[in-house]
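# Coordinates in review
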Amino acid sequence: MAARAADATSDAELVKTAQGMFADLKLVTLENGLRVYLLPVKGAPVVTTMVAYRVGAADEEKDQTGLSHYLEHLLFKGTAKLVPGDIDRATQRSGGRNNAYTSEDMTVYHFDFAADRWEIALEIEADRMRNTLIDAKHEFEQEKGAVVSELEGGEDNPWDLEYKAILPLLWPKESPYSHPVIGQREHVRGATAEVIKRHYDKWYHPNNASLIVAGGFDPDAALEKIKKLFGPIAKSELPPRKKATFHPERKEPVRKEFESKFDVPRMMVGFNTVQVGTPEDPVLDVVQEILAGGKTSRLYRKMVEDERIASEVSAGNYAGRYPGWFAVNVELLQGKDRKKAEELTFAELDKLTAEPVSDAELNRARRKILASFIFARESVHSLCDAVARTSTYPGGEDVAKFFKNYLDRVAKVTKEDIQKVAKQYLVRNTSAIVWSVPAAPPQKSGMRNLEFGTKTEQARALPRAASHAAFRASHATLKSAETGTGGFSLNAAKKVVLPNGLTVVLLEDHRLPVVVAAAEVADVRLREPLEKLGVATLMGNLLEEGTARHTGKEISALIEGTGGSLSLSSSGGTLKVLTPDTDLGLGLLFECLQAPIFPDDALERMREQQLSSIADAETQPRTRAGRLFNATVYGNHPSGRPALGKKEIVEKLTAADVKAFHKLAFAPNFTTVAVVGDFKTEEMVKKLDALTSSWKKSELIQPEVAPPPEPKSGEQIVSDKNASQVHVYIGRLGITRDHPDYYKLLVMDNVLGTGPGFTDRLSSNLRDRLGLAYTVNATITTTAGKQPGTFTGFVGTFPNKFLDVKFGFFKEVNKLRDEVPTNQEVEDAKKYLLGSLPFKFTTLTGVAGELLAAERYGLGFDYLEKYRKEVAAVTPADVQAMAKKHLDPKTLVLVAVGAIDKDGKPLEKEKK
């Protein structure tokens, strides 16, 4: 197997493909200064609209931080025409989604709708651009509670406090970037309607905004409507921008160290750098990849693989409207030498200056950036967001030109460029270093449930941008024969069962030169012996660490050299590559699934990481609450066990244990592979048959497991004085996906706890009207699978509001049981569920997942037709009947972890 060379010619092809994505972008600037960007995408069944205001945290006064983010929340509260909740309800009734985010430099509002109903977004945006009301009637004080809850909830996640600590080390107080986007706690709590109204009146004007429309729409008709709605809004004189200021040039690193509430040390290193659009900006993106972009990166190889001192490393280039910063993050394993970790980190940075990077490193980094640009733009939403963000930066008005220049520069970055930039900006004596260090020796034991968030996800995502709504959804588009919600179908998918029992599901899509493959192995967790708990996770983490044909380093070098991605786990693997790299990618995927060799050095390294994660999870309150909730609901059933296992078991697992479990759990007749993208079906079947012909089927049958216990009520409170929030889970055993009540429960979920925005009862009342929490949701259908899922309600709240939340949650459940919901509620829920169907199939990865689900649950590729029919038939009486049947309060358990006592009252704060 040979990787296709990432040479200058192939990079140039990628640049051309990426630049072509904006070939149809049209810019019209209205007389009032509003920039209108129109990007039609042929065949797209959805339309995304965004309004990007050129105002963010950097534009705030230092005694009034957090205003931009707070104002972002308030723009969903209404105008003279729209009362609180109207925007979310209008979105829901048209089957759409809305959300927003704030960063240092911008505030962006977005809507996603089916292509036959999107124009309502324009009406809402035009109205709230100048007519938003900020007062008691529009829930100003209630929203303050949600914003503070969001702030405190963030501080219960790793890297949030480190980020907040490093900013004033990088910039003096008066500098635009010296405070976090979400603001200082005292400023958020002290904000008044008058102060935020002044901020709104300063910045929210058409000449400080861009309107972007992307997807399946008529540009001429859209522009006519935009001119009618936005043209009459007057421009305004904008305030002068802040000036960037910097600390005096440092001769040695500046440091801060604080006591961590978590169980492993974390280091964040920062360097002042450059603005967006400067020649150095794309060079720093390349440096980011070379340092920490995947398993071939220098920091990963040195600190995770070779020295085995860290479990996770990451880097980020955060250029902005003003000169930004470059970050390096290192999460240590328990008990490792902090000084050594710091020295290793700076040694790698110094090496960038001292000697040229290799050809392979440079080619790989450039290829990854260019390929990821194409991958990320497969969705309409992502295309729209790229235009929105770029339009807010100096020099970004001509978005197509901006990206053309950026992509050209990436392709032309040289070794000398990297040395020069590293020497100028990534210098130890000018760095800022923050350490968070556990207060006490590591705990003796611990468990972790990966279903409630992973350390890796948290470490990779620096908490920089706040977001408005309570959902985190993927937005994009897949080619469809017609617009609207009715035209999309999976009926074109083909299913083939190979001679060894491997099930293959295929769906061609030739919009972009991209292929996605997802392999799913059934019942892995059910086959894991209780006495070997944790072996499945360890086995999954080792699948790509070496095979009979390639070492782990060779595997990562091959896949990362294509710019693609390969991810393996105990449940299978996923692959995403450009079309020319399909054979290479598929070869590696099936090689890792079939023939891993579990080398001893990799096993010990992964064991260390798993043990460190087990211990660290014990100090993360939401993870602890989720794990305890699952254990309570499921009892001895495998679904209630922590995926990472227990310390005393994982410590003793051997290579023989891992190999035996792989042989037990992985077989072709247990596996389904979905392949979606740019290929020909007949050719793909032949490839897969050839790649898996030596994979022998297993004679084992589906394992039998003890059923979960019958639901019964109970309450468990775990006091955690270090937690910033109280993390509350309320629920019970749920249903399987083939349950006859599934579609009725889907509508019930939407009425009670999963509506878009804040349309459902729980988030509308507990979050939006009472301001008791930032995150509120409840669902019984989301986890429904081959094994029973759970009805799970979650609320992150304040210690002094726990009892109010508990009462409010049960009040809403009882109300749904006791009273038939209104026709309007149920119709709105059904309109959303039917109208938002295109979003389930909007990326190639999403389509692959839906195809796997259809096969996993025996739904058939025509299940969308059944979905539409069943949802449309649900009545208000059905919803009440479902609540009565499945949500008996006498069967609901409550688990809470936070700074409360056994009676649910706030713990007294320790006197210092």
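This text gives an overview of the structure that appears in the document.

What counts and what doesn't
- Residues numbered from 1 in each chain as written.
- Predicted model: local features only at pLDDT ≥ 70, side-chain atom pairs only at ≥ 80, totals over all residues.
- Heavy atoms only, no water.
- Helix = DSSP H or I, 4+ residues; strand = E, 2+ residues; numbered from the N terminus.
- Rg over C-alpha atoms; globule rule 2.2 N^0.38 Å.
- Buried < 20%, exposed > 50% of the residue type's maximum accessible area, 1.4 Å probe, protein only.
- Contact = heavy atoms within 4.5 Å.
- Areas by Shrake-Rupley, 256 points an atom, 1.4 Å probe, with all protein chains shown as cover.
- Lys, Arg positive; Asp, Glu negative; His and termini not counted.
- Charge placed at Lys NZ, Arg CZ, Asp CG, Glu CD.
- Pairing = 2+ DSSP bridges.
- Axes fitted to C-alpha atoms, helices over the stretch in contact; angles between N-to-C directions.
- Phe/Tyr/Trp six-rings, centres within 6.5 Å; stacked < 30°, edge-to-face > 60°.
- Lys NZ or Arg CZ within 6 Å of the ring centre and 35° of its normal.
- 1 Å grid on protein atoms, 1.4 Å probe; cavity = no way out; pocket = protein on both sides within 12 Å on 5 of 7 lines; lining within 4 Å.
- Points joined across faces, edges and corners; volume = space filled by probe spheres on them.
- Nonpolar A, V, L, I, M, F, W, Y, C, P; charged D, E, K, R; others polar.
- Expected span 1.5 Å × (residues − 1).
- Parallel < 35°, antiparallel > 145°, perpendicular 65-115°, else oblique.
- Left-handed = near helix turned anticlockwise from the far one by under 90°.
- Salt bridge = Lys/Arg side-chain N within 4 Å of Asp/Glu carboxyl O.

### Quick notes on the overall build of the protein
Counting its secondary structure elements, the protein contains 33 helices and 23 strands. Its C-alpha radius of gyration of 27 Å places the protein within 12% of the 29 Å reference for a compact globule of 912 residues. Viewed in the frame of its principal axes, the protein has a C-alpha envelope of about 75 × 70 × 65 Å. A buried classification covers 63% of the 912 residues belonging to the protein. For the protein, long-range pairs separated by at least 24 residues make up 84% of all intrachain contacts whose partners lie at least 6 apart in sequence. Roughly 34400 Å² of accessible area belongs to the protein as shown, and the carbon and sulfur atoms make up 50% of that amount. Charge-centre separation for the protein: the mean point of 123 positive side chains lies 1 Å from the mean point of 124 negative side chains.

### Remarks on the sheet that holds strand S19 (residues 714–719)
The mixed open sheet is built from 5 strands, whose spatial order is S19-S23-S20-S22-S21. The strands lining the two open edges of the sheet, one partner per strand, are S19 and strand S21 (773–779). In this sheet, adjacent strand axes meet at a mean angle of 10° when their direction is disregarded. Examined bridge by bridge, S19 and strand S23 (residues 893–898) share 6 bridges and lie parallel to one another. For Ser 719, the partnering residue across the bridge sits in S23 and is Gly 898. Lying over the sheet, helix H23 (residues 621–634) contacts S19, strand S20 (726–733), strand S22 (790–797) and S23, oriented at roughly 20° with respect to S20.

### What about the packing of aromatic side chains?
Within this structure, the stated rule accounts for 21 aromatic pairs. Three or more aromatic residues link up through ring pairs in this structure, and these residues are Tyr 53, Phe 76, Tyr 109, Tyr 200 and Tyr 204. Seen from the ring of Trp 435, Arg 338 lies directly overhead, with NZ or CZ sitting 4.7 Å from the centre. It is Arg 737 that lies over the ring of Tyr 742; its NZ or CZ is 3.7 Å from the centre.

### Considering the sheet that holds strand S9 (residues 310–318)
Spatially, 5 strands are ordered S7-S11-S8-S10-S9 in an open sheet, and the strand pairing comes out mixed. Looking at strand neighbours, the two that pair on one side only are strand S7 (254–260) and S9, the edges of this open sheet. Each strand of the sheet is rotated relative to its neighbour by a mean of 10°, with strand direction disregarded. Across the sheet, helix H10 (residues 280–292) touches S9 and strand S10 (325–332), and the angle it forms with S9 is around 175°.

### Observations regarding empty space enclosed by the protein
Where empty space is left can be seen by rolling a probe of water-molecule size over the atoms. One pass over the full model with this rule turns up 4 cavities of 30 Å³ or more. In this model, the largest cavity occupies a volume close to 70 Å³. Around the largest cavity sit Glu 289, Ile 290, Gly 293, Thr 296, Ser 297, Glu 361, Arg 364, Ala 365 and Lys 368, which together line it. Elements with a minimum of two residues in the lining of the largest cavity: H10 and helix H13 (359–376). Element by element, the count of residues in the lining of the largest cavity is highest for H13, at 4 residues. Contributing to the lining of the second largest cavity are Pro 84, Gly 85, Arg 89, Glu 139, Phe 758, Ser 764, Asp 768 and Arg 769. For the lining of the second largest cavity, the per-class residue count stands at 2 nonpolar, 2 polar and 4 charged.

### Notes on helix H4 (residues 120–131)
For H4, with 12 residues, the first-to-last C-alpha span of 16 Å sits near the 16 Å given by 1.5 Å per residue. Summarising the contacts, the buried residues of H4 are in contact with strand S3 (46–53), helix H3 (86–93), strand S5 (107–114), helix H8 (193–203), strand S6 (209–215) and helix H9 (219–230).

### Examining the packing of helix H2 (residues 67–74) against H8
At a closest axis distance of 10 Å, the pairing of H2 and H8 adopts a crossing angle of 90°. In terms of orientation, H2 lies roughly perpendicular with respect to H8. Contact residues: Leu 67, Ser 68, Tyr 70, Leu 71 and Leu 74 in H2; Val 195, Ile 196, His 199 and Tyr 200 in H8. The residue makeup of the contact of H2 with H8, split by class, is 7 nonpolar, 2 polar and no charged.

### Notes on the side chain of Ser 612
Mapped onto the elements, Ser 612 comes out in helix H22 (residues 600–617). Its relative accessible area of 3% is what places Ser 612 among the buried residues. In this structure Ser 612 touches Val 264, Leu 332, Leu 333 and Gln 334, once residues within four positions along its chain are discounted.

### Things to note about the packing of helix H12 (residues 338–354) against helix H16 (residues 415–425)
It is the contact of H12 with H16, at a shortest axis distance of 7 Å, that shows an interaxial angle of 130°. Viewed along their axes, H12 and H16 adopt a mutual orientation that is oblique. Of the two possible hands of crossing, H12 and H16 adopt the one that is left-handed. Mapping the contact onto sequence places Leu 352, Thr 353 and Ala 354 in H12 and Ile 418, Gln 419, Ala 422 and Lys 423 in H16. Looking at the contact of H12 with H16 residue by residue, the class counts come to 4 nonpolar, 2 polar and 1 charged.

### Brief notes about the pattern of salt bridges
In the structure shown here, the tally under the stated rule is 60 salt bridges. The salt bridge involving Arg 241 is made with Asp 59; its shortest N-O contact spans 3.0 Å. Linking Arg 241 in the loop between H9 and S7 with Asp 59 in the loop between S3 and H2, this pair joins segments that are 182 residues apart in sequence. Its relative accessible area of 32% is what places Arg 241 among the partly exposed residues. Residue class for Asp 59 comes out buried when judged on its relative accessible area of 4%. Across the pair Glu 289 and Lys 368 runs a salt bridge, and its minimum N-O distance is 3.3 Å. Residue Glu 289 is found in helix H10, and its partner Lys 368 is found in helix H13; the two are separated by 79 residues along the sequence. For the residue pair Glu 289 and Lys 368, the accessibility class agrees, reading buried in each case.

### Comments concerning the pairing of strand S2 (residues 35–40)
Taking burial as the measure, the 6 residues of S2 include 5 buried ones, the bulk of the element. Pairing analysis gives 4 bridges linking strand S1 (residues 26–29) to S2, with the strands arranged antiparallel. In the sheet register, Thr 29 faces S2, and the bridge partner there is Arg 35. Here S1 folds back onto S2, and the loop between the two strands holds 5 residues, one of which, Gly 33, carries a positive phi near 95°. Across 6 bridges, the pairing between S2 and S6 is parallel. Paired with Pro 40 across the two strands is Gly 215, which belongs to S6.

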